[in-house]
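Below are the chains, spelled out letter by letter.
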Amino acid sequence: MGEPFGHVGSFYSFGPGDRMVLEEREPGGITLWDTKHQRVSFEQRRTAVSQWAISPDDRLLALCSGRRGPVRIRDLTGHRKQAARSAPWPGAFGRDACDEESSLRFAPDSRALLALTANEVRVWDLDRHRERTRIRHKGLDEAAFSPDGRFIAATDGEEILLWRTANPTTPVLRVPLTNESATQLRFDVSAGVIRYLSELGSTELAVRTVSYGAAMADGWSGQPAAQAVYSENGRVLALERRGEDTSRFEVRQVAGGGRRISRTPAVRCERAKSPYSEDTCRISLAVAPDGATLAYTRLIIDSDGNPGEQSPVTLWDVRGNSRSRSLAGPGSSREDAAVVGLAFTRDGRSLLVRHGDDTPTETWDVSAGRRMGGTPAEPPAHETGAPSGAAVLRSFATSRDSHPLAVRPDGRLLVTPGQTVTLPSGRTATNRLADGEIGALAFSPDGEQLAAGTIGGRVALWDGEVKQNLGSLAGTYGAARPGSRAEAVTALAYSPDGRTLAVAGDLGTLQLWDAASRRPLGGPLPTPGDAVLALAFSPDGRTLHTAGERSAPRSLPVDPKRLTASVCARAGGGLSRADWHKYIPEVPYRDVCPATDGP
């Protein structure tokens, strides 16, 4: 213990490194004491300080002199103020950060400063002298960094929220608070949880934990995937990685950590060079049911929405990591031959090539590399009831790169937004699957049900003939907060028994639904928070595979027994009889976590 210091009546606070102690005096002024060297590191007399923060390395002090600041940074090693250019947030926000309801906090590495105000969280990079992260969310009253500084946890009184600093638009985790308040948020990375002080009522305090699961997963890619497709058996995942002027396709093995097993050469796919040009490169991608073959082609859409240059369809041998052949017929420079969708038949022997106009859907023999005969041309639009030109407008809508397409498991029906095609005859009929643009389609394994997810978040259910609407479910629609945009459905997958439908969105929501009752099965599953591009169940239905736009592919247990065992293990067992009668006395007691031999 050292010599006494400070003044009677002052208020004292330790810095995060437990070396510095800040003394706040009335009516104003502060003194920063270095307890290791028994000296004053900084002192400001008379002027009141509204906000302050000490860096974890004890080298920097951020403070606000008065309620309107602005925020200043002082270098404690040299007893001097840093250069003016390093002052965070020049302008109005620098003053807002000094408000009485605001707070300051340094990042764990001491190289960034967080400011929390009534309406947002902002992080200033002290090395680059610029803002690093901005989170807009009203009502936050506490925020904390993860130990590596890549995540920020916060609470608004209604939820505990978690953001990835590299992608702060949408929380990667939201945990509702029920009849409690949460303070003192802390990360426990070794246990995979966020701990917080819970206050129930006015007297009862408890330390509680929230598991963040996959939300803080590693494998965040700087180059987002443009699209992803799982093989039908769920063993292989194909991804399109798009750069400035090229696209490249990679195939990963789902088991064993997602190891890459094949990669194609780059395909030229230029972006618009001028802000006045809207030419768009579109890629159609399909993977064979056994994952052994990849099919892809490129199409250019001009500024008027018309198809332009089309590349041949390439068949790629995944196991041999080489091109097996090109199908020259489906791809050409003719507008009436533009390819907008590819799909393998269930046996993997044939490839269906969907065009964006009155050209018939073609069937190609994969092994022989030739078009199969006996597929008549589709009837003209006036014979199907479709407005003239409607197919072209639908197929080349510019809101998304992918064009949803689903083939019924028996291979006799192909569905796209607006059209249903009977195979092999090629006869078409119009459909109106849902109100709004369709973002994803999926048939149930028995072919008795079709799900169509919209960019508005809802999912419409149809019978297997696409003639009778069976109702709808909320999909990702209910995940949107008041005042925010709807979350588009980006991926759908049925479980092998057809009873469960997995629905995912472009803001990271992943929800399981009971297909018969159209009710959610529990709450949303944890995800890293980026857009979910593809879903697939394992053959036994006990695992759900997910592919994100930036996150590494993940496999989530969805078997009820495994989920129960996992929750019980994290909770250390179920409620005791005393706790059960205290919190839910109206429900008869039962042991919800019985001893088991494992999942």
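This write-up is about the structure you can find in this document. (Residues numbered from 1 in each chain as written. Predicted model: local features only at pLDDT ≥ 70, side-chain atom pairs only at ≥ 80, totals over all residues. Heavy atoms only, no water.)

**Describing the overall build of the protein**
Phase 1: Along the backbone of the protein there are six helices and 48 strands.
Phase 2: Long-range pairs, those at least 24 residues apart, make up 40% of the contacts in the protein with a sequence separation of at least 6.
Phase 3: Summing over all exposed atoms, the protein offers an accessible surface of approximately 29,300 Å²; the carbon and sulfur share of this is 48%. (Helix = DSSP H or I, 4+ residues; strand = E, 2+ residues; numbered from the N terminus. Contact = heavy atoms within 4.5 Å. Areas by Shrake-Rupley, 256 points an atom, 1.4 Å probe, with all protein chains shown as cover.)

**Quick word on the nonpolar core**
Phase 1: Ranked by size, the top nonpolar core spans 17 residues in total, and within it Ile 160, Leu 162, Leu 173, Phe 187, Tyr 196 and Tyr 212 carry the most contacts.
Phase 2: Put simply, the parts of the chain that give this core at least two residues each are β14 (151–155), β15 (159–164), β17 (181–188) and β18 (193–200).
Phase 3: Considering every element that reaches this core, the biggest residue donor is β17, with three residues.
Phase 4: Counting 16 residues, the second-largest nonpolar core is a separate cluster that includes Leu 60, Cys 64, Phe 93 and Phe 106. (Core = buried A, V, L, I, M, F, W, Y, C linked by side-chain atoms within 4.5 Å. Buried < 20%, exposed > 50% of the residue type's maximum accessible area, 1.4 Å probe, protein only.)

**A look at the pattern of salt bridges**
Phase 1: Inspection of the entire model under this criterion finds 20 salt bridges.
Phase 2: The salt bridge partner of Arg 150 is Asp 148, with a shortest N-O separation of 2.8 Å. (Salt bridge = Lys/Arg side-chain N within 4 Å of Asp/Glu carboxyl O.)

**With respect to the environment of Leu 433**
Phase 1: With respect to the helices and strands, the residue Leu 433 is situated in the loop between β37 (428–430) and β38 (438–443).
Phase 2: Among the residues examined, Leu 433 registers a relative accessible area of 4% and is labelled buried.
Phase 3: Leu 433 sits 18 residues away from Ala 451 along the chain, and the two C-alpha atoms are 8.9 Å apart.
Phase 4: Leu 433 has contacts with Val 415, Thr 416, Pro 417, Ile 438, Leu 441, Leu 450, Ala 452, Ala 460, Trp 462 and Val 466, leaving out every residue within four places of it along the chain.

**Here we look at the environment of Ala 536**
Phase 1: Inspection of the secondary structure assignment puts Ala 536 in strand β46 (residues 532–537).
Phase 2: Considering only alpha carbons, one finds Ala 536 and Asn 233, 303 residues apart in sequence, at a separation of 8.2 Å.
Phase 3: Residues contacting Ala 536, with those up to four places away along its chain left out, are Tyr 230, Gly 234, Ala 493, Thr 543, Leu 544 and His 545.

**Observations concerning the state of the cysteines**
Phase 1: Under the defined criterion, the tally for this structure stands at two disulfides.
Phase 2: Put simply, Cys 64 and Cys 98 are joined by a disulfide, and their sulfur atoms are 2.1 Å apart. What sets the handedness of the Cys 64 and Cys 98 disulfide is the S-S torsion sign, and at about -75° it is left-handed. Note that Cys 64 is positioned in strand β6 (residues 60–65) and Cys 98 in the loop between α1 (92–96) and β9 (103–106), a separation of 34 residues in sequence. The two residues Cys 64 and Cys 98 agree in class, both being buried.
Phase 3: Sulfur-sulfur distance for the disulfide between Cys 269 and Cys 281 comes to 1.7 Å. In this structure, the disulfide formed by Cys 269 and Cys 281 twists by about -115° around the S-S bond and is classed as left-handed. Taken as a pair, Cys 269 in the loop between β24 (267–268) and β25 (280–287) and Cys 281 in strand β25 lie far apart in primary sequence, 12 residues in all. Of the two residues, Cys 269 and Cys 281, both sit in the buried class. (Disulfide = S-S within 2.5 Å.)

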